[in-house]
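Residue strings, one per chain:
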Amino acid sequence: MIQLKNKQNMNSTQGPIDNMDNQAAQLAVIAGLITTLGDGLATVAAAMALQEAQQSQ
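## Focus on the overall build of the protein chain
Scanning the protein chain for helices and strands turns up one helix and zero strands. Within the span of the protein chain, comprising 57 residues, buried residues form 0% of the whole. For the protein chain, the accessible surface area stands at approximately 5200 Å², while carbon and sulfur atoms represent 63% of it.

So, in structure tokens, the structure goes:
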């Protein structure tokens, strides 16, 4: 019975922490998506620059 009460207390105190962890994880996913998009744009820009350099020769 004591263990159950301790577990309930732990769960009630971890609620806001879990929510913050969840928000941090969501932000990490969004940041990863933005980074991937930026990498893709950089790749396209590099390919366009190479193509332009080849055409000018």
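## Some points on a nonpolar patch on the surface
Taken together, the side chains of Leu27, Ile30 and Ile34 define a hydrophobic patch exposed on the protein surface, amounting to about 320 Å² of accessible area. By the secondary structure assignment, Leu27 is in helix H1 (residues 2–56). Note on Leu27: relative accessible area 59%, which makes it exposed.

About the thresholds
Residues numbered from 1 in each chain as written. Predicted model: local features only at pLDDT ≥ 70, side-chain atom pairs only at ≥ 80, totals over all residues. Heavy atoms only, no water. Helix = DSSP H or I, 4+ residues; strand = E, 2+ residues; numbered from the N terminus. Buried < 20%, exposed > 50% of the residue type's maximum accessible area, 1.4 Å probe, protein only. Areas by Shrake-Rupley, 256 points an atom, 1.4 Å probe, with all protein chains shown as cover. Patch = residues over 30% accessible without salt bridge, like charges linked within 9 Å, V, L, I, M, F, W, Y side chains within 5 Å. Salt bridge = Lys/Arg side-chain N within 4 Å of Asp/Glu carboxyl O.

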